[in-house]
Amino acid sequence: KKRGGGGGFHFTPRPPPPNYGNKDIPKGDVTCLEGMKFVITGVLDSLEREEMAILCSQHGGQVVGSVSGKVTHAIIGEEAGATKMAKIRSMNITMMT
C-alpha cells in the first residue's frame, strides 16, 4: 500500500498467490482449531490471506492482525515482514508455512 494524496491510502493490486486454485483446500472438523489463535503474514502459496483467515475461523480458530503473547500459531508466506518475523521468533510461536 502507498500513501496517497489527500490523506488517504492507495492500494496497488497484488497478483494472486503463485499456486492459487491448484491445491486442495484442507478439510477438518469444525472445532479442530478451537483454542488456537493465528496471525497470517506474507504471500501464501495457494490462498489469499483473507481466505486463510476464513478457513481458520470456520474451524474454530481465531485470526488476529498482530503478534502478541496470545498468538499460538503463525501462518507464514513469502515476503513476510522482517519485524513481524522477528517478533514471532522471539516469542517462540509455532510457525506454519
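Before going into details, it helps to say that this report is about the structure given with it.

Cut-offs used in this document
- Residues numbered from 1 in each chain as written.
- Predicted model: local features only at pLDDT ≥ 70, side-chain atom pairs only at ≥ 80, totals over all residues.
- Heavy atoms only, no water.
- Core = buried A, V, L, I, M, F, W, Y, C linked by side-chain atoms within 4.5 Å.
- Buried < 20%, exposed > 50% of the residue type's maximum accessible area, 1.4 Å probe, protein only.
- Helix = DSSP H or I, 4+ residues; strand = E, 2+ residues; numbered from the N terminus.
- Contact = heavy atoms within 4.5 Å.
- Pairing = 2+ DSSP bridges.

### Considering the nonpolar core
- Listed in full, the eight residues of the largest apolar core are V39, V67, V71, A74, I76, M85, I88 and I93.
- Among the secondary structure elements, those contributing two or more residues to this core are β5 (73-76) and α2 (82-90).
- Among all residues touching I88, those that are not within four sequence positions of it are V39, T41, V67, A74, I93 and M95.

### A closer look at the pairing of β5
- Of the two faces of β5, both are covered, the one formed by H73 and I75 as well as the one formed by A74 and I76.
- With four bridges connecting them, strand β3 (residues 37-41) and β5 associate as parallel partners. From the neighbouring strand, T41 faces β5, where its bridge partner is I76.
- Pairing analysis gives three bridges linking β5 to strand β6 (residues 94-96), with the strands arranged parallel. Residue A74 lies in a different strand from β6, and its bridge partner there is M95.

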